[in-house]
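Commentary on secondary and tertiary structure
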Number of protein chains: 2
Amino acid sequence: MHEAIDLSPDQCERLLRAGVAGRVALSSPDGPHIAPVNYSVVGPAIVIRTSPYSVLGTYGRGSMLAFEVDQFDHDRWRGWSVVARGRSDVVTDPLELERIRTTWEPHPWAAGNRSMYLRLRWSELTGRQIGTGWDPVASLPVRRAV
Amino acid sequence: MHEAIDLSPDQCERLLRAGVAGRVALSSPDGPHIAPVNYSVVGPAIVIRTSPYSVLGTYGRGSMLAFEVDQFDHDRWRGWSVVARGRSDVVTDPLELERIRTTWEPHPWAAGNRSMYLRLRWSELTGRQIGTGWDPVASLPVRRAV
């Protein structure tokens, strides 16, 4: 059995800011949904592009969302995960949209109409690492400057 | 922009059965939650071990759950994801528990009291791959026989 250790708020935020893909969960009338998404962190918020007609665009706007990123090394039995929770809103302010586009040139992997920018200002940010004696932040692949 | 293609039900099930770690989402009175979990597929159901006192054990029993596995190759801009949704129940039948333990010697990564076996019999199973010209099932790492 491998020890699980809580990550510090600073570690959580650095891991969150370093990522490009995660999963978002939302509640809908027919139960929870989960979807893999590309994302960016702009200021103290996660920004996701989606279609206004998607499940996320329909039931995930103006509601509580949960967002998760993780990385697991199955060979070495170690890994980490970070979960952010908070209320979402749709970014409509032109200056704010400009700021998001400047900070993050969005590259959703999948094609489609993703005209809606959904922002999750987290009110909870928690994380854990499995296995001791290593630093998840230092072990990040170089994909984007932390 | 990279093309997204729906996976067949057979591909979804093979990818799901080949995995060992995913994320489960549930709805709670204060909104959705998401948690990384180890899992196994036993018969036509996903089995997750959890603590009866966890958020999952409290709000995820006898309710709709969404479960996701994915794999992304950021260098090659390709990947896949599979989402299973359905109602959960707690496995209490001794014969069924024996079957689960025989099929899957459970190794949750994180320590803790995980005495509850939660079963998700999926009623929806969908998946997508990003990028054409490759087969996600054939590209699985060898971790468990498919």
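The rules behind the values
- Residues numbered from 1 in each chain as written.
- Chains lettered and ligands numbered in written order.
- Predicted model: local features only at pLDDT ≥ 70, side-chain atom pairs only at ≥ 80, totals over all residues.
- Heavy atoms only, no water.
- Pairing = 2+ DSSP bridges.
- Helix = DSSP H or I, 4+ residues; strand = E, 2+ residues; numbered from the N terminus.
- Contact = heavy atoms within 4.5 Å.
- Buried area = accessible area lost by both parts, 1.4 Å probe.
- Salt bridge = Lys/Arg side-chain N within 4 Å of Asp/Glu carboxyl O.
- Polar contact = N/O pair within 3.5 Å; in protein donor to acceptor, adjacent residues only side chain to side chain.
- Least-squares fit on C-alpha atoms with pLDDT ≥ 70 in both.

In the nomenclature of an unreviewed UniProt entry, chain A corresponds to Pyridoxamine 5'-phosphate oxidase family protein from the organism Nocardioides mangrovi.

What about the pairing of strand β7 (residues 78–90) of chain A?
All names here are of chain A. With 10 bridges connecting them, strand β6 (residues 64–73) and β7 associate as antiparallel partners. Along β7, the bridge assignment pairs L65 with G86. Linking β6 to β7, which pair antiparallel, is a turn of four residues; within it W77 sits at a positive phi near 50°. Two elements, β7 and strand β8 (residues 116–130), share 12 bridges in a ladder whose sense is antiparallel. Bridging across to β8, R87 finds its partner in R121.

A word on the interface of chain B and chain A
Interfaces are frequently sized by the accessible area removed from exposure as the parts join. Counting residues at the interface gives 40 residues for chain B and 40 residues for chain A. Summed over both partners, the interface of chain B with chain A buries about 3,300 Å², with 68% contributed by carbon and sulfur atoms. Taken together, the connections running from chain B to chain A amount to six salt bridges. Between B:D70 and A:R23 there is a salt bridge; the shortest N-O distance is 2.8 Å. Where chain B touches chain A, the interface holds nine residue pairs in polar contact (both at pLDDT 80 or more). Every element with two or more residues in the side of chain B that touches chain A is listed here: β2 (21–28), β3 (31–38), β6 (64–73), β7 (78–90) and β8 (116–130) of chain B.

Points about the relation of the copies chain B and chain A
Overlay of chain B on chain A (RMSD 0.0 Å): rotation 180°, translation along the axis 0.0 Å. What we have between these two chains is a two-fold relation. Residue by residue, 100% of the interface of chain B is reproduced at the interface of chain A, so both copies engage with the same surface.

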